[in-house]
Amino acid sequence: MLANIPEKVMHRVRWVLACGWLVLIFSLFYDPISPWLTSPDTTWSPFKLNLDSCIQVQGVCLEEQPYGLGASFFWGLIVPSGVFMLLIFGHEFWRRICPLGFMSQIFRFLGKQRQKKRVDKKTGKTHYELVKIKNNSWLGKNHLKLQLALLYVGVCGRLLFYDSHRLILGLFLLFTIGSAILVGYLYAGKTWCQYFCPMAPVQEFYGEPRGLLNSVAHEGQKTLITQSMCRRENSDGTENSACVACNSPCIDIDAERSYWDAIKKPDYKLLYYGYAG
Ligand code: SF4
């Protein structure tokens, strides 16, 4: 349903969300505002601590202090909202607003992605072309296992290190953003989203074959630009496909086709039977 929202609008939405996310990350390092909201003296705040109640840890009341809300917002609001969006609006909407996917495309927007030199054997002419992951490479065959492993490390890391430790969470998020930008420089298309992002298995689990309000790519559409397919806006406001075929079949072009294509592959069985909530 939301696949038809113009790219211009979605681009602005992505900017707002990316800036909001960067502000949240900044607040994990320096936050003079939200501790004030959790202070018991800020009587009107819904986040204020209630010092009358006692939270017992091993029989002793825990001493509560005002705290920054950045990590709580991230884990308690943003992450569950992502899953909610996947279920309701489908994968196509999430992929068009994801701030991490947006940041991974920075070098594409700047026209500075890595290119490799290729000499045409017939004509002897030199060409430069974008670099793509080959289907028969190790990563092409095993990216889902890698993504599941990264998801597992991320989830365990949350429990062990950065669930409430704001500094470590901030560093972790900056490292993730840096990795996405680096992959976006090295490889064409949405290589970060397709081959590396640990959220991709979550998106496939909840968003395939389709969300409640997903558009359907293969039924009755007259447009060549479907779902969350890569696209660019022309100066006259029309849109063109910007697909460089970084993955096939591509979940951004047709999530249902991608689902039925993959359902019998061992890696996807691992995902569907091994995804434990
Ligand atoms: S639409 Fe094309 S370029 Fe974009 S992710 Fe899919 S295959 Fe890659």
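Keep in mind that what you see is a predicted model, and the values were worked out from it rather than measured.

Definitions and limits used
- Residues numbered from 1 in each chain as written.
- Predicted model: local features only at pLDDT ≥ 70, side-chain atom pairs only at ≥ 80, totals over all residues.
- Helix = DSSP H or I, 4+ residues; strand = E, 2+ residues; numbered from the N terminus.
- Buried ≥ 20, exposed ≤ 12 C-beta atoms within 10 Å, placed from the backbone.
- Near = placed C-beta within 6 Å.
- Nonpolar A, V, L, I, M, F, W, Y, C, P; charged D, E, K, R; others polar.
- Core = buried A, V, L, I, M, F, W, Y, C linked by C-beta atoms within 7 Å.
- Contact = placed C-beta atoms within 7 Å.
- Pairing = 2+ DSSP bridges.
- Axes fitted to C-alpha atoms, helices over the stretch in contact; angles between N-to-C directions.
- Parallel < 35°, antiparallel > 145°, perpendicular 65-115°, else oblique.
- Left-handed = near helix turned anticlockwise from the far one by under 90°.
- pLDDT = per-residue confidence, 0-100.
- Expected span 1.5 Å × (residues − 1).
- Arc of directions from axis to C-beta.

Undergrad: Could you clarify how one ought to interpret the overall build of the chain in this entry?
TA: Assigned secondary structure in the chain consists of 12 helices and 6 strands. Once the C-alpha set of the chain is aligned to its principal axes, its extents read approximately 80 × 45 × 40 Å. The burial tally for the chain puts 27% of its 277 residues in the buried class.

Undergrad: What should I look at first to understand the site of the ligand in this one?
TA: Among the 13 residues in the neighbourhood of the ligand, the closest are listed as Gly189, Cys230, Cys243, Cys246 and Cys250. Grouping the amino acids of the shell around the ligand by side-chain chemistry returns 8 nonpolar, 3 polar and 2 charged.

Undergrad: How do you make sense of the nonpolar core when you look at a structure like this?
TA: The nonpolar side chains of a soluble globular protein tend to be buried, and buried together. Grouped together as the largest cluster of nonpolar side chains are 13 residues, with contacts concentrated most on Ile133, Trp192, Cys193, Phe196, Cys197, Met199 and Ala200. When residues no more than four places from it in sequence are discounted, the contact partners of Cys197 are Leu100, Gln147 and Trp192.

Undergrad: Looking at this model, I keep getting lost on the pairing of strand 3 (residues 115-119). Mind explaining?
TA: Strand residues, when the strand is regular, have side chains that alternate between the two faces of the sheet. Of all 5 residues making up strand 3, only 0 are buried, and the element is barely covered by its neighbours. Relative to strand 4 (residues 126-130), strand 3 runs antiparallel, the two being bridged by 5 bridges. Bridge pairing in strand 4 places Lys117 opposite Tyr128. Adjacent in sequence and paired antiparallel, strand 3 and strand 4 are bridged by 6 residues, among which Gly124 carries a positive phi angle near 80°.

Undergrad: Help me out: how do you make sense of unusual backbone geometry in this one?
TA: Cis geometry is adopted by the peptide bond preceding Pro209, which originates at Glu208 and carries an omega value of -5°. By the element assignment, Pro209 lies in the loop between helix 10 (200-207) and strand 5 (231-233). In this structure, Pro249 follows Ser248 across a cis peptide bond, with omega equal to -5°. Checked against the element boundaries, Pro249 lands in the loop between strand 6 (239-241) and helix 11 (255-262). Despite not being glycine, Gln58 has its phi angle at roughly 50°, a positive value. Here Gln58 lies in the loop between strand 1 (56-57) and strand 2 (60-61). Judged by local crowding, Gln58 falls into the exposed class, with 5 C-beta atoms found within 10 Å. Of note, the phi angle at Ala245 is positive, near 55°, even though the residue is not glycine.

Undergrad: What is the right way to look at the packing of helix 7 (residues 138-162) against helix 12 (residues 266-274) in this model?
TA: What describes two packed helices is the angle between their axes and the distance between those same axes. Here helix 7 crosses helix 12 at 25°, and the two axes come no closer than 8 Å. Our classification of the angle between helix 7 and helix 12 gives roughly parallel. Handedness of the crossing formed by helix 7 with helix 12: left-handed. Two secondary-structure elements touch here, helix 7 through Leu144, Lys145 and Leu148 and helix 12 through Asp267, Tyr268, Leu270 and Leu271.

Undergrad: I tried to follow the packing of helix 1 (residues 7-29) against helix 3 (residues 70-88) on my own but got confused; where do I start?
TA: Between helix 1 and helix 3, the shortest axis-to-axis distance is 8 Å and the interhelical angle comes to 135°. As judged from the angle between their axes, helix 1 and helix 3 are oblique. Contact with helix 1, carried on its side by Leu24, Ser27 and Leu28, involves Gly70, Ala71, Phe73 and Phe74 of helix 3 and no other residues of that element. In the contact of helix 1 with helix 3, the residues fall into 5 nonpolar, 2 polar and no charged.

Undergrad: Looking at this model, I keep getting lost on the confidence of the model for the chain. Mind explaining?
TA: Caution is warranted with low-pLDDT regions, since their predicted coordinates should not be read in detail. The pLDDT averaged across the chain works out to 91; a share of 98% of its residues lies at or above 70. Taken element by element, the predicted model of the chain shows its lowest mean pLDDT in strand 1 (86) and its highest in helix 9 (residues 191-196) (97).

Undergrad: What am I meant to see in helix 8 (residues 166-186) here?
TA: Since one α-helical turn is 3.6 residues long, residues separated by three or four positions face the same way. Under the 1.5 Å per step criterion, the end-to-end length of helix 8 is 30 Å for 21 residues, consistent within 8% with the ideal 30 Å. Of all the positions in helix 8, only Arg166, Leu169, Gly170, Ala180 and Gly184 are classed as buried. Looking straight down helix 8, one finds that the buried residues subtend no more than 105° of arc, so they occupy a single side. Opposite the buried face of helix 8, by more than 90 degrees, sit the exposed residues Leu167, Phe175 and Gly178. If you follow the buried residues of helix 8, they end up packed against helix 1, helix 3, helix 5 (99-104), helix 6 (106-110), helix 7 and helix 9.

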